[in-house]
Amino acid sequence: METIQARKVCVRGVVQGVGFRPLVYQLALRNNLKGHVFNTSGDVTITVEGLSGDMESFINQLRANPPPQSRIESIDIEEQPVEGFQGFEIRESRIRKDEYQLVSPDIATCRFCLSEIFNESERRYQYPFTNCTNCGPRFTIIEDMPYDRGNTTMRRFTMCPECSREYNDTDNRRFHAQPNACPICGPALKIIDPSGNDVTGDPLAIAADLLKQGRILAIKGLGGFLLACDATDDRAVDLLRKRKKRGFKPFAVMVSGIEEAKRYCDISREEEGLLTSPQSPVVLLKNRASSNGMSFLVAPNTIYIGIMLPYTPLHHLLLEKTARPLVMTSGNISEEPIAAGNEEALKRLSGIADYFLIHNRDICSRYDDSVAMVVNHKARIVRRARGFAPYPIHLTYISASILACGAEVKNSFCLTRETHAFLSQHIGDLENLETLEHFEDTIRLYKTLFHIEPEIIAHDMHPDYLSTRYALDFAKTNGLRCVPVQHHHAHIVSCMADNGVTEPVIGVAFDGTGYGEDGAIWGGEFLLADYSGFKRLAHFEYVPLPGGKAAIERPYRMALSYLFKIFGDDTFSLDLPFLKNADRDEMDLIRTQIKRRINAPYTSSCGRLFDAVSALLNIRRESDYEGQAAVELEAVADISVDKGYPFEIMEEKGIRVVSFDGTVKAIVEDIAGGIPASEISGRFHATIADVILTVCRGLVEETKIEKVALSGGVFQNRLLVERTIKRLESGGITVLTHHDVPANDGGIALGQAVIANYVRG
Ligand code: ZN
Ligand code: ZN
Ligand code: FE
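(A) Inspection of the coordination of the zinc ion (ligand 2) at higher detail. Around the zinc ion (ligand 2), the donor atoms from the protein are C160 (SG), C163 (SG), C182 (SG) and C185 (SG), and they sit 2.2 to 2.3 Å away. Viewed at the metal, the four donor atoms of the zinc ion (ligand 2) are separated by angles of 104 to 118 degrees, and the geometry they form is tetrahedral.

Following this line, the structure appears as structure tokens:
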């Protein structure tokens, strides 16, 4: 007869709070195994005793069918002496010093919970905080690990007998679901006015009525407050824009389900998958919403609109009751962080919201909605937060513990440990104290959750970024070494790490602004790069940025910079519509700024070239949000036009310099010749793709490196990305693009962290 054996099985990954232990329990019973299972700070530890064949099938079943929201990273199996257990049990969690666990992101409501809240005979009928081990809040309520209710903001709610029964029943979907709650024992909704007075009645019904009347509501969600209004009501959307001080930047819209989404947008199979995924991000979709009843003011002058589906029971119930699409935008004024606490929201949002739909479950970490899009049939993240962070990016090497502080706009930071790069959720534009505080708090939280004490601090080379100053202070206080990282090098390495590539690449880093090694503002860069360094092989020709920041906000200044460079004083007599309403005094001033080099730093920025063309075409003279001029230029482009304009590649001290004088001249001629903006924009996009192909071809030949990585905010332009990939691939070049990490500055911190590990010296 075969003898009983014993094994210790350690499973690492996202294995807590996702129904892992009950599954282990059931599989153990099914395979006649005895022993126990418990969570530790580092893994799920299983001890099983039984016949070797049974143990093998136990492991195989675990591997083949793990709980839907879990992610197994490794399973280690060790032989053990047999102790002779009598049954199988789930034991208390254990804390192990210095070990760490992955933390699950928040997960959109699962279909089982959804059917409960819409079923009158269920005790959670209409209950907005329904969740289970497959769905609900996670990261936003976790204060410490291991993931037990006592370490979450659900601690203050004592479960009623019925909830306790579910929580302790291994066969129940809510077994050890830490946020488990019901109408009797769990969090509750309330509606208040801006003075903090309660409004009596059913909060959801009142909220729905207010929204239908065109009111603006601040609604407390998973990771903070969202501002909501009726997306079909022009007046309401306009009012929200005015109060929030948001001119044109598109709002995201929540619709009741995938069928409704299809009424407003063209949706591909991949986009549908993304919309309905457990991460439930905002997806940027081809917009035909305003011709189907949605207000044009939701996403003016763009071809894409951000749509998301309800991701909490609260949202599902609200959408059902209002029966219309709702604008859902972060609860803040312009670029401040999203408001999270009830008191805080009242203070900060009382000038915006007419009423507040609040609840008493505290939010531990601010967590914005993620934004993603599908390009070339692949999902690409644009803003990485809810549903994704704090799940790590996997490194191909074992890293030192590093804190990388990221860039300035769209900041996120990155903490590394072993093979994990914990790229934080989107923090925001580090330009005010509130955002800096959010940045500092979140760093503290990640350090606590993942037990990371950084040994090295990485930061952008820009001396004035708040993130750089924070890095220098932190390093000084703790006696740590600092590694400054060039902005575009970080972009390219972030793209390499996103693709698990370690060998050198030719990096094409196109964005708006990045501090260059020569003090100029870079942004149209071709680098030979790997994890340890880079060489600038080619870049766009330097042109003055007249007025610095003023030129970024007013694209017509950039257009004038190009015109003065090419036409000199003849610019004043050019026959261009965009010059007709130009202010002659300001033009003179700009001319002087450029001539005398007063506050007119040199830039090789690709983003600024898009701005210039957008202004030349009279599409966008002044910009209200980052990238607007380029977004609107892309929006008008005739995508059937594939022939570019001329450009020139010069050599300066062994570096290729791309001049766009010929491009701008041709555009000016086309405008004068009455060629429509759609055609000119199409040709301009084709030109940039041509430039990338021509330069990369030369560099591939010279370096024998056949991989090209595309990174930087400019590569959020789908038309450009699609064209570029097509050209490069048909030229036999392998192209790396971003997927899990944003191409914009939200991905910089990952690149910094990787580089800092390799230039340790
Ligand atoms: Zn559920
Ligand atoms: Zn209960
Ligand atoms: Fe950048």
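(B) Examining the nonpolar core more closely. The biggest cluster of nonpolar side chains holds 154 residues, and the ones touching the most others in it are I46, F510 and F526. Top contributing element to this core by residue count: helix α21 (residues 677-703), with 11 residues. Sequence-distant contacts of I46, that is, excluding residues within four places in its chain, are made with R7, K8, V9, V11, V24, H36, V37, F58, L62 and F88.

(C) Representation of the packing of aromatic side chains within the structure. One pass over the structure, following the stated rule, counts 22 aromatic pairs. Both rings, one in Y100 and one in F422, keep their centres 6.1 Å apart while their planes meet at 75 degrees; by these two values the pair is edge-to-face. Within this pair, whereas Y100 is found in the loop between β5 (88-90) and α3 (111-117), its partner F422 is found in strand β18 (residues 414-423), the two being separated by 322 residues in sequence. Overall, the relative accessible area of 2% leaves Y100 in the buried class. Measuring from centroid to centroid gives 5.0 Å for Y397 and Y758, while their planes differ by 80 degrees, and the two rings are edge-to-face. Here Y758 lies in helix α23 (residues 748-758) and Y397 lies in strand β17 (residues 393-404), a separation of 361 residues in the sequence. Classification of Y397 as buried rests on a relative accessible area of 10%. An aromatic cluster is present here, built from Y100, F139, Y367, F413, F422, F439, Y446, F450, Y470 and F474 joined pairwise through their rings. Directly above the ring of Y311 sits R386, whose terminal nitrogen or CZ lies 3.3 Å from the centroid. Sitting over the face of the ring of Y602, R597 holds its NZ or CZ atom 3.9 Å from the ring centroid.

(D) Broad picture of the sheet that holds strand β1 (residues 5-14). Pairing within the open sheet is mixed, and its five strands lie in the order β4-β1-β3-β2-β5. Unpaired on one side and paired on the other, β4 (71-80) and β5 mark the two borders of the sheet. Geometrically, the sheet is characterised by an average inter-axis angle of 15 degrees between neighbouring strands, direction not taken into account. Relative to β5, strand β2 (residues 34-39) is paired through three bridges, and the arrangement is parallel. Looking across to β5, one finds that G35 is bridged to F88. Contacts from helix α1 (residues 20-30) reach β1, β2, β3 (44-50), β4 and β5, with the element oriented near 175 degrees to β5.

(E) Up close: the environment of A218. With respect to the helices and strands, the residue A218 is situated in strand β7 (residues 217-220). In sequence terms A218 and R723 are 505 residues apart; their C-alpha atoms lie 41 Å from each other. With residues up to four places along the chain from it excluded, the contact list for A218 reads F225, L226, L227, L349, A353, Y355, F356 and L357.

(F) Looking closely at the coordination of the iron ion (ligand 3). Coordination of the iron ion (ligand 3) by the protein comes from H487 (NE2), H491 (NE2), D511 (OD) and D745 (OD), over a distance range of 2.1 to 2.3 Å. Around the iron ion (ligand 3) sit four donor atoms; with metal-centred angles ranging over 86 to 170 degrees, the donor geometry is irregular. Written as a sequence motif, the donor arrangement for the iron ion (ligand 3) is H-x3-H-x19-D-x233-D. With H491 in helix α13 (residues 487-498) and D511 in strand β21 (residues 505-515), this residue pair connects regions lying 20 residues apart in the sequence. Among the residues examined, H491 registers a relative accessible area of 1% and is labelled buried. The class of D511 is buried, set by a relative accessible area of 3%.

(G) Quick look at the packing of helix α15 (residues 555-567) against helix α20 (residues 661-672). At their nearest, the axes of α15 and α20 sit 10 Å apart, and the two run at 100 degrees to each other. It follows from the interaxial angle that α15 and α20 lie roughly perpendicular. Packed against α15, whose contacting residues are Y562, L563, K565, I566 and F567, the element α20 presents D661, V664, K665 and V668 at the interface. Looking at the contact of α15 with α20 residue by residue, the class counts come to six nonpolar, no polar and three charged.

(H) Examining the pairing of strand β11 (residues 282-287) more closely. Note that strand β10 (residues 265-266) and β11 share two bridges and pair antiparallel. What sits directly across from C265, in β11, is N287. Inspection of the sheet shows β11 paired to strand β15 (residues 371-375) by two bridges, in the parallel sense. Across the sheet, V282 pairs through a bridge with V371, a residue of β15. Bridge analysis of β11 against strand β12 (residues 304-308) gives four bridges, and the strand direction is antiparallel. Within β12, the position partnered with L285 by the bridge is I305.

(I) Representation of the pairing of strand β23 (residues 534-540). Taking burial as the measure, the seven residues of β23 include five buried ones, the bulk of the element. In this sheet, β23 lies alongside strand β22 (residues 521-529) in antiparallel orientation, the contact comprising five bridges. Among the inter-strand pairings, E525 is bridged to a residue of β23, identified as H539. Connecting the antiparallel pair β22 and β23 is a turn made up of four residues.

(J) Region of the structure containing the sheet that holds strand β20 (residues 481-485). Spatial ordering of the open sheet is given by β18-β17-β19-β20, a layout of four strands whose pairing is mixed. Each end of this open sheet is capped by a strand with a single partner; those strands are β18 and β20. Strand after strand, the sheet turns through a mean of 60 degrees between neighbouring axes, direction not considered. Direction of pairing for β17 relative to β18: antiparallel, over a ladder of six bridges. Across the sheet, residue L403 finds its bridge partner in β18, namely L415.

(K) Main features of α21. With 27 residues, α21 should reach 39 Å at 1.5 Å per residue; the first-to-last C-alpha distance of 38 Å fits that figure. After α21 finishes, the residue K704 shows a positive phi value of roughly 65 degrees.

(L) Representation of the side chain of T133 in the model. Structurally, T133 can be placed in the loop between α3 and α4 (161-168). Separated by 2.7 Å, the side chain of T133 and the backbone oxygen of R173 make a polar contact. Setting aside chain neighbours within four positions, we find T133 in contact with G17, V18, G19, R138, R173, F175, H176 and A177.

(M) Representation of the side chain of H739 in the model. Inspection of the secondary structure assignment puts H739 in the loop between β29 (734-736) and α23. On the basis of relative accessible area, H739 is assigned to the buried category, the value being 18%. A distance of 3.5 Å separates a polar side-chain atom of H739 from the backbone oxygen of T737. The contact partners of H739, leaving out residues within four places of it in the chain, are K378, A379, R380, I381, D498 and N499.

The rules behind the values
- Residues numbered from 1 in each chain as written.
- Chains lettered and ligands numbered in written order.
- Predicted model: local features only at pLDDT ≥ 70, side-chain atom pairs only at ≥ 80, totals over all residues.
- Heavy atoms only, no water.
- Donors = N, O, S within 2.8 Å, 3.2 Å for Na, K, Ca; no water.
- Tetrahedral: all angles 85-135°; square planar, octahedral: opposite > 155°, others 65-115°.
- Core = buried A, V, L, I, M, F, W, Y, C linked by side-chain atoms within 4.5 Å.
- Buried < 20%, exposed > 50% of the residue type's maximum accessible area, 1.4 Å probe, protein only.
- Helix = DSSP H or I, 4+ residues; strand = E, 2+ residues; numbered from the N terminus.
- Contact = heavy atoms within 4.5 Å.
- Phe/Tyr/Trp six-rings, centres within 6.5 Å; stacked < 30°, edge-to-face > 60°.
- Lys NZ or Arg CZ within 6 Å of the ring centre and 35° of its normal.
- Pairing = 2+ DSSP bridges.
- Axes fitted to C-alpha atoms, helices over the stretch in contact; angles between N-to-C directions.
- Parallel < 35°, antiparallel > 145°, perpendicular 65-115°, else oblique.
- Nonpolar A, V, L, I, M, F, W, Y, C, P; charged D, E, K, R; others polar.
- Expected span 1.5 Å × (residues − 1).
- Polar contact = N/O pair within 3.5 Å; in protein donor to acceptor, adjacent residues only side chain to side chain.

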